[in-house]
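Topology and contacts: notes
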Amino acid sequence: MRTIHRFAVSAISLVVAIIPPALGQHAAAQSAPSASEADPAAEVRLLGGVRQLTFEGRRAGEGYFSADGRQLVFQSERDADNPFFQIFLMDLETGDVQRISPGRGKTTCAWVHPGGRKVLYASTHDDPAALDKQKQELEARAAGTQQRYSWDYDPWYDIYEHDLASGQERNLTRAKGYDAEGSWSPDGAQICFASNRHAYSEKLSDADAKKLELDPSYFVELYMMDADGSNVRRLTDAPGYDGGPFFSSDGRKICWRRFSEDGAQAEVFTMNADGSGARQITHMGAMSWAPYFHPSGDYLIFTTNRHGFDNFELYLVDAEGKHNPVRATHTPGFDGLPAFSPDGKRLAWTSSRGGGKQGQLFIADWNDAEARRLLGLGVQGPAAAGDETRAGAPAPAEAPTTPEITAADARQHVAYLCREELEGRLTGSEGEKLATQYVADRFRKLGLLPAGDDGTYFQAFEFTSGVAVGEKNQLALRDVDAGTTADFKINEDWRPLAFSQTGDVAESDVAFAGYGIVAPAGENQPEYDSFVHMNIKDKWVLVLRFVPEGVTPERRQHLNRFSTLRYKAMVLRDKGARGMIVASGPTSGVKEQLVKLSFDAALAGTSLPSISVTDETAEKLLARSGKSLKDLAAELDKGELVMGFDVPGVKLAATIDIQKVKRTGRNALARLPARNAAPDTPVLVIGAHVDHLGRGEGTNSLARDDEKGAIHYGADDNASGVAGLLEIAENLADMAAQEKLALRRDVIFAAWSGEELGLLGSQHFVDQVGSRIGNVTNISAAVAAYLNMDMIGRQNGKVILNGVGSSSIWKSEIEKRNAPIGLAFSAQDDSYLPTDSTAFYLKGVPVLSAFTGSHAEYHTPRDTPEKLDYEGLTKIARFIGLVARSLATQDAAPDYVAMAKPENMGQRAGLRAYLGTIPDYGESDVKGLKLSGVSVGGPAEQGGLRGGDLIVELAGKKIENIYDYTYAIEALKIGQPVTVVVIRDGQRVELSVTPGSRE
């Protein structure tokens, strides 16, 4: 319709939405399209920048622009006490939304007066039983007895005029019957609407009276009336439902759709505004409805189910109906109820493409020139040249920034943070100090107050940045019988493990205990114990890394839980061992036999001396036993237990010297104060991490071998987020200075450090807040909400918003604040994230985190400034800024919604195998792991995987999310091909991938 707005529910529940139940089977029996008809890539020819406009409530639809294009009126089910549609008006410049209808009864089909001061809509709020009907519907839904959705041609529907200034309602129609689907003429003088009023006022035959009882839509015709409700005249008089009328932009024509008498089909019609010259312009033999004129009047857009009743699509047809209609959308599900903006450059419509079965409003840029080409129409005129600057153009060095959020300013911030002298901004380094000083200087220039330690802009935190081999390390093996001693060279023959106990270790016996695993029985998995009948007290114990190489993937995954070096060390410690010796083994496939001396900032040391040795050193330790490491590993790799043993005649002594490197990192913090806020009013915090990986120190670099030691510039990760933070700070500070921002709470701007090492800076801030208010588990009394930006510079047509499930207000805020921006969002509920927002969420604070996804340059020296999309970056910053403005000017803080942690989260997967896949984090709500790409030359690419694939199975294990995928990789053996099952273009595809090694 337009009033077949009932189709906004979903593409599946549409069968009864428009067709009388007795006739529904006819439409549903239409044949499905052939595969050649569907062409998803073709949609982008006409629709650019597709994005979801509404998020709140159960569903929304039928959005129509005001005459100046600045407002959009629509209907939505979002009131808790009313299960029916109500009318809302969205300001497309600020995103503000207000309800127009009274909140009682049912409403539909709204329209904004050409003057912009009034809204027209249909409603049943004067029905005395309106509240009872609401209650009954809510009870039915709660009980699960709700009937399948169908449109109700309630005879209480009347058309009302709402004055936006006074809020007064005026009833324009009072006749019994269904009066709805109204719209003003472009001059505001006339209203065309749909009604079956004549069926209630005229004498009907017995057959028609019965038909009215069963199907009141059959009698709906088009009417015209003056704007004050007078001078009503009927325009159509044909069997079947005529409805959904709209004027052309010049007011001379009306388009509508007419249903066949049996209700199974509908076609698009036009006529003169006086009712003459009726003309059928589609002949598709399907349900074609909801037509809308392009402002030029040269063509129309409409909805049809010619591809099957569960797949409504948008089509175009020329105004004369001379050419075959052209398909505009190619997305499964429901796309319908389209409306052009007054300038013809945008299209709003209702779609189920956002996920689920319910419809929401979407908006996109419209390609008029391509539409005309497809329809064989003449070009209306050249498109106006845009005034946007080239995103990649360099900004003048140290140019003054402006209060507006601009790409030029963001580019300048990123350029500084990625300078050579900052050397990748490693936490605690001179580069980090330069970066935080830059941020602090910007805060100072903006007039923001310092919010760090002792009246400064800095908040310091001490951390262990790493470990280094000391000068005292020694390892000596004494042959008791021969009386000889072999000394081993540090970093050539052996190396201490980072978590080892330090100091002298007395000369002790040596034993071998296979893989050193103690694993209890699991589901369909027997127990495994490397220490059966062994006494290892006061002995050095040699064990192999990882798990037996020849076991099944299921067995490997079970054993992996108990195979980390820390876990093995814990078992040995508890059994009284003197120390642990680890050999990688000849079948491990590692690149380097000695374990890297890398420090995990999240974990402390152990009280057990622990060292790593080469296979050659291990063979020397075993020599007196008469057994070789190679033979032992071959036997163990079969998966069967091999009895451990003491090595006779040898003693091993060691001195372990590990120097922990302590450093101090610092956050940069500033405050925008609210003048009249109470001292205990919780603040709003906006943050982005400023640190990166330096030259790739530590374990997080993904640099190629030829890039080792190079500067990791971190342009996207996360100079982009800091640029957004500084732009928002300047914008809000300027508005506050001009008294255009009535703050109700302080705003804290935070550039965190230590994020790459484990959320160190944000966690320190949260801990300090908790200790200050005396509640370390819940800091919501001090922090109202946290907004985060981490990697917002590499848009690929979609922005991921995580944390949407952390508060009930986020969907509404996204809807309102994105309306002026136009970003295509993927809204994800997940609030447990590998970024600073998690430090806040775990302490009871609602969070919202923006992210544009991973890419092949992530954590490599190739993440450089010229690769960023600065226009997209600033759009995200503008959006976060509008959300911040909204939260900071409201008295009420957002509510907090607790969510269960995903299964496996927090467990440390032993990712020894390497596939080279790049997850698409914007698709976390799908069942499987969506890939945004694969690393060039990596195992995944060589095996045929590619961006867009949805991994649903790996090595026989079902994959439903990133956690399933991570732990499935534990089951892989390096060099052994495994089967990967993906969904590609709707088809199940099996591929073979050979994992490489991370070690």
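Model, not experiment: these values are computed from the prediction.

Here we come to the overall build of the protein chain. Each helix and strand counted, the protein chain has 19 helices and 51 strands in total. Counting the 999 residues in the protein chain, one finds 57% classified as buried. Carbon and sulfur atoms provide 47% of the accessible area of the protein chain, an area that totals close to 40300 Å².

Across the sheet, which stays open at both edges, the four strands sit in the order β2-β3-β4-β5 with antiparallel pairing between neighbours. Edge positions in the sheet fall to β2 (59-65) and β5 (97-99), since each has one partner strand and no second. Ignoring which end each strand starts from, the neighbouring axes of this sheet average 25° apart. Two strands pair when backbone bridges link them, and β2 and strand β3 (residues 71-77) are joined in this way by five bridges, in the antiparallel orientation. Counterpart to A60 in the pairing with β3 is S76.

Going through the model one piece at a time under the given rule, you end up with 36 aromatic pairs. Ring geometry for Y218 and F219: centres 5.1 Å apart, planes at 85°, overall edge-to-face. Comparing Y218 with F219 shows no difference in burial state: the two are buried. For the ring pair F302 and Y315, a centre distance of 6.2 Å and an interplane angle of 35° mean the geometry is tilted. With F302 in strand β19 (residues 299-304) and Y315 in strand β20 (residues 313-318), this residue pair connects regions lying 13 residues apart in the sequence.

Any two side chains of opposite charge can pair, so long as their charged atoms come close to each other. Counting across every chain of the model gives 51 salt bridges. Residue R99 is joined to D79 by a salt bridge in which the shortest nitrogen-to-oxygen separation is 2.9 Å. Linking R99 in strand β5 with D79 in the loop between β3 and β4 (86-91), this pair joins segments that are 20 residues apart in sequence. When salt bridges with common partners are traced through the structure, they connect R58, R59, E77, E137 and R141 into a single cluster.

This paragraph deals with the packing of helix α11 (residues 615-622) against helix α12 (residues 629-636). For the pair α11 and α12, interaxial distance at closest approach is 9 Å and the crossing angle is 100°. For the element pair α11 / α12, the angle class is roughly perpendicular. Residues D615, A618, E619 and L622 of α11 touch α12, and the partners they reach there are L629, K630 and L632.

As a further point, take the side chain of T303. Examined against the element boundaries, T303 turns out to sit in strand β19. Within the local environment of T303, its side chain forms a polar contact with the backbone nitrogen of L337, the two atoms lying 3.2 Å apart. Discounting chain neighbours no more than four positions away, the residues touching T303 are M287, S288, W289, A290, F312, E313, L314, D335, G336, L337 and P338.

Moving on: the pairing of strand β27 (residues 474-479). Looking at chain direction, β27 and strand β36 (residues 645-656) are connected through six bridges and run antiparallel. The partner of R478 across the bridge, within β36, is K651. The pairing of β27 with strand β28 (residues 484-487) spans four bridges and is antiparallel. Across the sheet, A476 pairs through a bridge with D487, a residue of β28.

Our next topic: the packing of helix α15 (residues 810-818) against helix α17 (residues 870-888). Two elements in contact, α15 and α17, have axes separated by 9 Å at closest approach and are oriented at 120°. Between α15 and α17, the angle is such that the two are oblique. In terms of crossing hand, the pair formed by α15 and α17 is right-handed. Listed contacts from α17 to W810, E813, I814, R817 and N818 of α15 are F879, L882, V883, S886 and L887. A per-class count over the contact of α15 with α17 returns six nonpolar, two polar and two charged.

Attention now goes to the confidence of the model for the protein chain. Of the residues in the protein chain, 90% reach a pLDDT of 70 or more, and the chain-wide mean stands at 88. Within the model, pLDDT remains below 50 along residues 1-36, and this stretch shows 120 contacts once partners closer than five positions in the same chain are excluded. The model gives residues 381-397 a pLDDT under 50, and that stretch makes 11 contacts with residues more than four places away or in other chains.

Moving on: the sheet that holds strand β30 (residues 503-512). The mixed open sheet is built from eight strands, whose spatial order is β28-β27-β36-β30-β33-β34-β35-β29. For this open sheet the edge positions go to β28 and β29 (494-496), each flanked by a neighbour on one side alone. Mean inter-strand twist for the sheet, computed between neighbouring axes without regard to direction, equals 30°. Bridge analysis of strand β34 (residues 579-583) against strand β35 (residues 610-613) gives four bridges, and the strand direction is parallel.

Our focus in this paragraph is the nonpolar core. Grouped together as the largest cluster of nonpolar side chains are 70 residues, with contacts concentrated most on F443, I686, F749 and L787. Of the residues forming this core, the biggest block, 12 residues, is contributed by helix α13 (residues 715-737). With 49 residues, the next largest nonpolar core counts V268, M284, A364 and A371 among its residues.

Another aspect to go through is a nonpolar patch on the surface. A contiguous nonpolar patch, built from V532, L641 and M643 and spanning about 250 Å² of accessible area, is present on the exposed surface. Position of M643 relative to the elements: it lies in the loop between α12 and β36. Given the relative accessible area of 47%, M643 is considered partly exposed.

Another point: helix α6 (residues 368-375). All of the buried residues in α6 are D368, E370, A371, R372 and L375. Here α6 starts with a cap whose side-chain oxygen sits 3.3 Å from the backbone nitrogen of A369, and that cap is N367. Positioned one or two residues after α6, G376 has a phi angle of 75°, which is positive.

Counted at 1.5 Å a residue, the expected span for helix α8 (residues 430-445) with its 16 residues is 22 Å, and the 22 Å between its end C-alpha atoms agrees. All buried positions along α8 are accounted for by G431, E432, A435, T436, Y438, V439, A440, R442 and F443. On its buried face, α8 sits against α7 (407-417), β26 (458-469), β37 (658-672), α13 and β39 (747-752). Here α8 starts with a cap whose side-chain oxygen sits 3.3 Å from the backbone nitrogen of G431, and that cap is S429. With its phi angle positive at about 80°, G447 sits one or two positions after the end of α8.

Turning to the state of the cysteines, a few remarks are in order. Applying the stated criterion across every chain yields a total of zero disulfides. Here C192 is not disulfide-linked; the sulfur of C255 is the nearest cysteine sulfur, at 9.5 Å. Note on C192: relative accessible area 1%, which makes it buried.

Looking now at the environment of S249. Structurally, S249 can be placed in the loop between β14 (242-247) and β15 (253-259). You can call S249 partly exposed: its relative accessible area is 45%. Expressed as a C-alpha distance, the spacing of S249 and F293, which sit 44 residues apart in the sequence, is 7.6 Å. Polar contacts involving the side chain of S249 include one to the main-chain carbonyl oxygen of P295, which spans 2.5 Å.

The next point concerns unusual backbone geometry. A cis geometry characterises the amide bond from D717 onward to N718, with omega recorded as 0°. Note that N718 resides in helix α13. A positive phi angle, near 60°, is found at E181, a position not held by glycine. You can see E181 is positioned in strand β10 (residues 179-184). Accessibility expressed as a relative area gives 0% for E181, which makes it buried.

On to the environment of H712, then. Mapped onto the fold, H712 is located in the loop between β38 (683-689) and α13. Among the residues examined, H712 registers a relative accessible area of 1% and is labelled buried. Through-space distance from the C-alpha of H712 to that of G694 is 5.7 Å; in sequence the pair is 18 residues apart. Excluding residues within four positions of it along the chain, H712 makes contact with G424, H692, L693, G694, R695, G696, S701, A703, H859, T860 and P861. One polar contact links the side chain of H712 to the main-chain amide nitrogen of G696, over a distance of 3.4 Å. A distance of 2.9 Å separates the side chain of H712 from the backbone oxygen of A710, its partner in a polar contact.

Rules used in this analysis
Residues numbered from 1 in each chain as written. Predicted model: local features only at pLDDT ≥ 70, side-chain atom pairs only at ≥ 80, totals over all residues. Heavy atoms only, no water. Helix = DSSP H or I, 4+ residues; strand = E, 2+ residues; numbered from the N terminus. Buried < 20%, exposed > 50% of the residue type's maximum accessible area, 1.4 Å probe, protein only. Areas by Shrake-Rupley, 256 points an atom, 1.4 Å probe, with all protein chains shown as cover. Pairing = 2+ DSSP bridges. Axes fitted to C-alpha atoms, helices over the stretch in contact; angles between N-to-C directions. Phe/Tyr/Trp six-rings, centres within 6.5 Å; stacked < 30°, edge-to-face > 60°. Salt bridge = Lys/Arg side-chain N within 4 Å of Asp/Glu carboxyl O. Parallel < 35°, antiparallel > 145°, perpendicular 65-115°, else oblique. Contact = heavy atoms within 4.5 Å. Polar contact = N/O pair within 3.5 Å; in protein donor to acceptor, adjacent residues only side chain to side chain. Left-handed = near helix turned anticlockwise from the far one by under 90°. Nonpolar A, V, L, I, M, F, W, Y, C, P; charged D, E, K, R; others polar. pLDDT = per-residue confidence, 0-100. Core = buried A, V, L, I, M, F, W, Y, C linked by side-chain atoms within 4.5 Å. Patch = residues over 30% accessible without salt bridge, like charges linked within 9 Å, V, L, I, M, F, W, Y side chains within 5 Å. Expected span 1.5 Å × (residues − 1). Disulfide = S-S within 2.5 Å.

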